[in-house]
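The lines below spell out each chain.
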Amino acid sequence: MRTEHRREDSIVTITACNRKELAYFSKMTKSTTDPLKKNAVVMGRKTWESIPEKFRPLPGRLNVVLTCTNRSLGEEVIVHTSLEDAIKDLHNRQDVETVWVIGGSSVYDEMMKSSYCHRLYITSILKDYSCDTFFPEIGSQYISVSDPTVPSGIQEENGIQFQYKVYENTEYVSIKNI
Ligand SMILES: NC(=O)c1ccc[n+]([C@@H]2O[C@H](COP(=O)([O-])OP(=O)(O)OC[C@H]3O[C@@H](n4cnc5c(N)ncnc54)[C@H](OP(=O)(O)O)[C@@H]3O)[C@@H](O)[C@H]2O)c1
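The residue numbers shown here count from 1 along each chain, following its written sequence. Since the coordinates come from a predicted model, pLDDT governs what is reported: local features require at least 70, and pairs of side-chain atoms require 80 or more to be given and counted, while whole-chain, interface and lining totals use all residues. For the side-chain quantities, the full set of heavy atoms in the structure was used; hydrogens and water were omitted.

**Q** Please explain the environment of Tyr164 as it appears in this structure.
**A** Runs of E in the DSSP output that reach at least two residues are strands. Runs of H or I that reach at least four are helices, and both are numbered from the N terminus. Inspection of the secondary structure puts Tyr164 in strand β9 (residues 160-169). It is 7.2 Å that separates the C-alpha atoms of Tyr164 and Tyr121, two residues lying 43 residues apart in sequence. Leaving out residues up to four positions away in the same chain, Tyr164 has contacts with Lys20, Glu21, Tyr24, Ile122, Thr123, Val150, Pro151 and Gln155. Pairs of residues are marked as contacts when any of their non-hydrogen atoms sit within 4.5 Å.

**Q** Explain the side chain of Asn63 to me, please; I cannot follow it from the model alone.
**A** You can see Asn63 is positioned in strand β3 (residues 62-66). Burial classes: relative accessible area under 20% of the type maximum marks a residue as buried, over 50% as exposed, and values in between as partly exposed (1.4 Å probe, protein chains only). Look at Asn63 and you get buried, because its relative accessible area is 0%. In the analysis that follows, any N or O atom pair within 3.5 Å is treated as a polar contact, provided that within protein one partner can donate a hydrogen and the other can accept it, and provided that, for residues neighboring in sequence, both atoms belong to side chains. Within the structure, Asn63 has its side chain in polar contact with the backbone oxygen of Arg61 (distance 2.9 Å). Each residue touching Asn63, except ones within four places of it in the same chain, is listed here: Val41, Met43, Trp48, Pro57, Leu58, Glu76, Val77 and Ile78.

**Q** Got a minute to help me understand helix α4 (residues 105-112) in this structure?
**A** Inspection of α4 places Val107, Tyr108, Met111 and Met112 among the buried residues, and these make up the whole buried set. For α4, the angular spread of buried residues about the axis comes to 125 degrees, placing them on one side. By definition, the arc is the one covered by directions from the helix axis to the C-beta atoms.

**Q** Explanation requested: the nonpolar core in the structure shown.
**A** Considering soluble globular proteins, one finds that nonpolar side chains tend to be buried as a cluster. In this text, buried Ala, Val, Leu, Ile, Met, Phe, Trp, Tyr and Cys residues form a nonpolar core when linked through side-chain atoms within 4.5 Å. Judged by nonpolar contacts, the single largest core of 24 residues is most densely connected at Val42, Leu83, Ile87, Leu90, Met111 and Leu120. Taken together, the elements giving at least two residues each to this core come down to β2 (38-44), β3, α3 (83-91), β5 (96-101), α4 and β6 (119-125). Within the second largest apolar cluster, 17 residues are counted, among which are Phe25, Met28, Val41 and Phe162.

**Q** Help me understand the confidence of the model for the protein chain in this model?
**A** Close inspection of predicted coordinates is inappropriate in any region flagged by low pLDDT. For every residue, the pLDDT score states the predictor's confidence, bounded by 0 at the bottom and 100 at the top. Model confidence for the protein chain is summarised by a mean pLDDT of 89, while 89% of its residues fall at 70 or above. Least confident of the elements in the protein chain is strand β1 (residues 11-14), whose mean pLDDT is 53; most confident is β3, at 98. Long-range and interchain partners of residues 1-10, a stretch whose pLDDT sits below 50, account for 44 contacts in this model, where long-range means more than four residues apart.

Below you can see the structure in the form of C-alpha cells.
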C-alpha cells in the first residue's frame, strides 16, 4: 500500500476497536513502500500486557514497549525507558520505515504533544461506552486531512458505526531536523 505520509521518520498514532477495524489497524501498521523494511509499533507496558499472549508480539512489525522498570520481554521485543529514546533509536535503524505509536493514554498524550508526531490515524466509534482509559484531547495544531488509503464515510460492523479520521500536525518537524 502506498501512502503519501510514509516517510522514514513519519510518526503516527491510532486507536483500535472491532474486527474490521483491527484488520485496518493491521494493514496500516504493517504496510511499507520498501519491501526490505518493516514498521515499528510503540506501546506502553499496559497496552503490551492487554494483548493476549498468543497474539504478541504483533507479527510483521518491530514491537517496542515502554516501561520504567528494567525488564526483558523476550528476544523479539525492544524495551525502552523513554518515548524519546525509542523514537530516536528507531529513526536510526535502517530497517524501519514508519513508527506507529499505538497507546495507551499517556503514550498517546506525550507523542501528540511532540513535534515529531506527523499524523494521527483515529477510529471514532459512534456509540457511547463506559471506559476507564481515554484518548487525549487533540490539540489545535492538528488539522483534518484526507488520505486516499483510508476508507471514507461511515463504516459499520455488527450494527456499530465507526469512522476513520486522519489529522496532520501543522507543527510537525522531521526528527532529521532536530
Ligand atoms: N483502543 C485503543 O486504541 C487502545 C490503544 C492502546 C491501549 N488501549 C487500552 O488501554 C489500556 C492501557 O493503556 P494505559 O494508558 O492504561 O497504559 P499504557 O500507556 O499502555 O501503559 C502505561 C505504562 O507504560 C509505561 N510507560 C508509559 N509511558 C512511558 C514513558 N514515556 N517512558 C517509560 N515508560 C512509559 C509505564 O510502564 P511501567 O509501569 O512498567 O513503568 C506505564 O505504567 C489497556 O486496557 C489497553 O487495552 C486501547
